[in-house]
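# Analysis of the macromolecular model
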Amino acid sequence: MRKYLVSAVILTLYIMCLTSCAINQHGDKSQAQVWDKSGQRWETFLYSDVGRGTAGGIQGIKANEGNIVFSVLEDHEEELDDSADQDIPEDQDVPEDAETPNEIFYSVSFSLEGMEPTVLFQVNRTTTEVLDYWPDGDGKVYYITVERTETEENIDLKRCGIGEAEESVRRLNDFLQDGGSDCRAWKVQTVPDGGILIYSPDGYVLLDRAGNMLTEEIWEDEEHYDVICMSEKDRFVQVYENYGMNFYVCSEGGEKKVRVGDVPASGRYLYGRSSEGDALVCTDACLYSCDEEGETMLLCTWADYGIIGEDVVAFYMVGDDMHSLLYEEGTLKDVTYIDGEKPDKPMELTLGCFGDAYWIRRAAAEYNKESEYTISIVDYWQEDTAEAVGKMYNDILAGRGPDIICFESNLVNDAALGRAGMLEDLTAYLEESDVIGPEDFVDPLYEALDIDGKRFMLPTNFAVETMIAKKEWAGGESVWTPAECLKGVAANEDLAFGVDRGNVADILAVYGLYCAAEGQKNLEAYLKIAEYLPEQRVYISDYEMKRDGKVFMEFTWLSSAESYLYEKGQWGDDIRYAGIPGAEGNGMAFVPINCYGISSGSPNKEEAWRFIESLFAEEMRESVTPDDYFSARKDGLEEQLAEASKIAYYEDENGNLVKLPLFADRSEGMDFYAASQEDIDKIREIIGGIRLMRRENSAVAHIIGEEAGAYYAGDRTLDETIEIIENRIRMLSLENAL
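The rules behind these values
- Residues numbered from 1 in each chain as written.
- Predicted model: local features only at pLDDT ≥ 70, side-chain atom pairs only at ≥ 80, totals over all residues.
- Heavy atoms only, no water.
- Helix = DSSP H or I, 4+ residues; strand = E, 2+ residues; numbered from the N terminus.
- Buried < 20%, exposed > 50% of the residue type's maximum accessible area, 1.4 Å probe, protein only.
- Contact = heavy atoms within 4.5 Å.
- Areas by Shrake-Rupley, 256 points an atom, 1.4 Å probe, with all protein chains shown as cover.
- Patch = residues over 30% accessible without salt bridge, like charges linked within 9 Å, V, L, I, M, F, W, Y side chains within 5 Å.
- Salt bridge = Lys/Arg side-chain N within 4 Å of Asp/Glu carboxyl O.
- Axes fitted to C-alpha atoms, helices over the stretch in contact; angles between N-to-C directions.
- Parallel < 35°, antiparallel > 145°, perpendicular 65-115°, else oblique.
- Left-handed = near helix turned anticlockwise from the far one by under 90°.
- Nonpolar A, V, L, I, M, F, W, Y, C, P; charged D, E, K, R; others polar.
- Lys, Arg positive; Asp, Glu negative; His and termini not counted.
- Charge placed at Lys NZ, Arg CZ, Asp CG, Glu CD.
- Pairing = 2+ DSSP bridges.
- 1 Å grid on protein atoms, 1.4 Å probe; cavity = no way out; pocket = protein on both sides within 12 Å on 5 of 7 lines; lining within 4 Å.
- Points joined across faces, edges and corners; volume = space filled by probe spheres on them.
- Polar contact = N/O pair within 3.5 Å; in protein donor to acceptor, adjacent residues only side chain to side chain.
- pLDDT = per-residue confidence, 0-100.
- Core = buried A, V, L, I, M, F, W, Y, C linked by side-chain atoms within 4.5 Å.

Summing up its helical and strand segments, the protein has 16 helices and 39 strands in all. Looking at the 738 residues of the protein, the share that counts as buried comes to 54%. Looking at the protein alone, contacts between residues at least 24 apart form 63% of all its contacts between residues at least 6 apart. Accessible surface for the protein amounts to roughly 33,400 Å². Of this, 45% is attributable to carbon and sulfur atoms.

Residues Ile647, Tyr649 and Leu657 make up a contiguous nonpolar surface patch of roughly 340 Å² in combined accessible area. You can see Leu657 is positioned in strand 36 (residues 657-660). For Leu657, a relative accessible area of 63% translates into the label exposed.

This paragraph deals with the packing of helix 7 (residues 501-510) against helix 15 (residues 698-712). For the pair helix 7 and helix 15, the least separation of the axes is 8 Å and the interaxial angle reads 135°. Put simply, helix 7 runs oblique to helix 15. At the point where helix 7 passes helix 15, the crossing takes the right-handed sense. Along its contact with helix 7, which presents Arg501, Ala505, Asp506, Leu508 and Ala509, the element helix 15 presents Val700, Ala701, Ile704, Gly705 and Tyr712. Tallied by class, residues from the contact of helix 7 with helix 15 come to seven nonpolar, one polar and two charged.

Turning next to a negative patch on the surface. There is a patch of like negative charges on the surface, built from Glu618, Glu619, Glu622, Asp627, Asp628 and Glu639. Among the elements that take part in the negative patch, helix 12 (residues 618-624) stands out by supplying three residues, more than any other. If you trace the backbone, Glu619 turns up in helix 12.

As a further point, take the sheet that holds strand 16 (residues 234-241). If you trace the four strands from one edge of the open sheet to the other, you get 15-16-17-18, paired in antiparallel fashion. In this open sheet, the two edge strands, each paired with only one partner strand, are strand 15 (226-230) and strand 18 (256-259). Averaged over all pairs of adjacent strands, the angle between their axes in this sheet comes to 30°, without regard to strand direction. Taken together, the four bridges between strand 17 (residues 244-251) and strand 18 define a ladder with antiparallel strand orientation. Among the inter-strand pairings, Val249 is bridged to a residue of strand 18, identified as Val258.

The subject of this paragraph is the layout of surface pockets. Empty space within the second largest pocket amounts to approximately 1,200 Å³. Forming the boundary of the second largest pocket are 43 residues, of which Asn413, Ala416, Glu696, Asn697 and Asn736 lie nearest the centre. For the lining of the second largest pocket, the secondary structure elements donating two or more residues are helix 2 (385-397), helix 3 (414-419), helix 7, strand 39 (692-693), helix 15 and helix 16 (718-737). Considering each element in turn, the lining of the second largest pocket owes the most residues, five residues, to helix 16. Residue composition of the lining of the second largest pocket, grouped by class: 26 nonpolar, nine polar and eight charged.

Time to look at the pairing of strand 31 (residues 551-558). Judged by how many residues are buried, strand 31 sits mostly within the fold: seven of eight residues are covered. Judged from the six bridges that link them, strand 29 (residues 458-470) and strand 31 form a sheet pairing that is antiparallel. Note on strand 31: the bridge partner recorded for Ala469 is Met553. Note that strand 30 (residues 496-498) and strand 31 share three bridges and pair parallel. Residue pairing for strand 31: Phe497 is matched across the bridge by Met553.

Our next topic: the environment of Arg501. With respect to the helices, strands and loops of the structure, Arg501 is situated in helix 7. C-alpha of Arg501 to C-alpha of Gly709: the two residues are 208 residues apart in sequence and 9.2 Å apart in space. At 2.9 Å, the side chain of Arg501 forms a polar contact with the backbone oxygen of Ala530. A distance of 3.4 Å separates a polar atom in the side chain of Arg501 from the backbone oxygen of Glu531.

This paragraph deals with the sheet that holds strand 19 (residues 270-273). Pairing is antiparallel in the open sheet, where four strands are placed in the order 19-20-21-22. A strand with exactly one partner marks an edge of an open sheet, and here the two such strands are strand 19 and strand 22 (296-301). Taken over all neighbouring pairs, the strand axes of this sheet differ in orientation by 25° on average, direction set aside.

A separate point is the confidence of the model for the protein. On average, the protein scores 81 in pLDDT, and the residues at 70 or more come to 84%. Confidence drops under a pLDDT of 50 for residues 50-55, and excluding neighbours within four residues, the segment shows 26 contacts in the predicted structure. In this model residues 76-98 is a low-confidence stretch, pLDDT under 50, and it forms 52 contacts with partners more than four residues away in sequence or in other chains.

Time to look at the side chain of Glu696. Structurally, Glu696 can be placed in the loop between strand 39 and helix 15. For the buried Glu696, no salt bridge exists, and the shortest N-O distance to an oppositely charged side chain is 8.4 Å, to Arg694. Of note is the side chain of Glu696, whose polar atom sits 2.3 Å from the side chain of Ser698. Beyond its immediate sequence surroundings of up to four residues, Glu696 is in contact with Asn410, Leu411, Val412 and Asn413.

Turning to the nonpolar core, a few remarks are in order. Formed by 81 residues in total, the largest nonpolar core has its most connected members in Leu351, Phe441, Leu458, Tyr596, Trp609 and Phe611. For this core, the element with the most residues is helix 1 (residues 358-370), which contributes five residues. One finds Ala469, Ile507, Ala509 and Ala708 within the second-largest nonpolar core, a separate group that totals 45 residues.

Rendered as structure tokens:
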């Protein structure tokens, strides 16, 4: 019998400890509780798609009390790999139909000694669809099927165990028919007393193990909710409202409904139940529990424990131990922490950010897997961004951290913090590093990071902020001036504009155009330009408008060679990346991406630097830095440009070589082909001509926007408006100097 690849890797980590009953406690909901993972990390590999001839990988994963069930679609165009540790064991049935797609269901039970998936059953998808399934604590799986024939469609609840034939528990054709329920929304789950719960947005039925009806209820809610998990006492539901996902706990036959708080927005959610019946909610960043009163408790932040939240596909309990199932690049593995002892002094660094971005979590998770330190993410984001920034600044001044600061949100100004002595100069660290040095950075980017001979932040990637227009309107090849831009806007006021009045205030503030020698003239020109612009920007998706000269200009980012080609394809060959009229250099600015600095008050500066340094290490770059932005490293940028230049071909039915597109926009029906040498030279020219770094200046932007509003409304003259703006900015400068 060939065996699956099963290995266990134990990594010693010193991480904060929690009592083993944390999952089942409620206590103070404001107190973050974490997984008991203080001692040893145990990883067990369960299954790999690689070379198995499967189509689309694992289709669904359910876990309960240490029992795991997942399904895989068979791809008959390929043979199953014969390599060791990858084949289905010889004593198990393998589907042999060469035309019909089959879905194979596997079961595995947790064991520290190793786990080996076993085929439970398989279905022919042309006639049978498995709607939902649930592993029971006794090793069986309950599942709902729809079987179609030429004359009828039957819905059944079935049961199967390892080495057992499938067994029909109950025909469900009449289930919830009074509510007109769609069977494809039905879910199945076992409950602690041994019952089987089948539920939908319209109601539920409770069966005993023999399939006898115990309870049936049609819900009378006026609103329609998606039921995501349920117990005998309540149901946990989700509803999309007010432009976001909200959660409620409904009980007492739907008469009691409680809004769930403190579950942040996420790209996706996973759900489960604790042993005490509380709902468990997994987001991209964290795991929460929610009781019947709608109160939540943070159980763990995935990145703290070396786990990338987006890779979590299921979680389950074995006693008091939490397990997470991770699925990445075709491999499914089980991760838990066992036999931990609390360290005398937890070694923790905090990473402050505004918005819990994927790359931040991934970088922290990868670092935490290998380091004795734990980097914990502190998200300062709130709708009032000024208050959020103020809270971070206060924490830094008070010595509460964070140790590491992420600048990616463009809400924090490294120059202002650095000059105030709140940030560490990273120049000396760079000069002593064996991983990344000043000579490794793209030269103009490194120069733009300079603040009085110091560098307070380092990005792994960057974008370019610019204005795009047709060459005939944007000064040809010469520098585009505010006066020329105003003249062009006034002569083409009937055209569309991909920029608004708010952008104008931001441009004047960020690019320092209000304070240069020509500051007054710049203010005058830009305020006049803004009169022609919409109050709120309208996204222009019709590329034909751009190509046909019906859009005067657009304020945008270039993030990669592909985005350069995309804009060129939309606008045509007579496009000009014109920059910001009147700004230094070529008028464009670097936008730092995945960018970090160190608080000067951090007691762990060396460890904070090791984290930042690790982001530039060759073995980490692909996994923890975004590949859809220009690389800050010279060698990384050259690799990206070379990759964008590669021409690929395929052979058609006549044996002719046909060029393949680099990428495509199917919504517009456009193909984009590899960059030419002329394109690559132009990208290098753009990057080489940049002298500015985009730095936050919201206080000045607010002043300009607020005072300009009175001018646009006709309540002030242009001269009065400029005078008030200049006086307020002057007062702001004096206040900041005190």
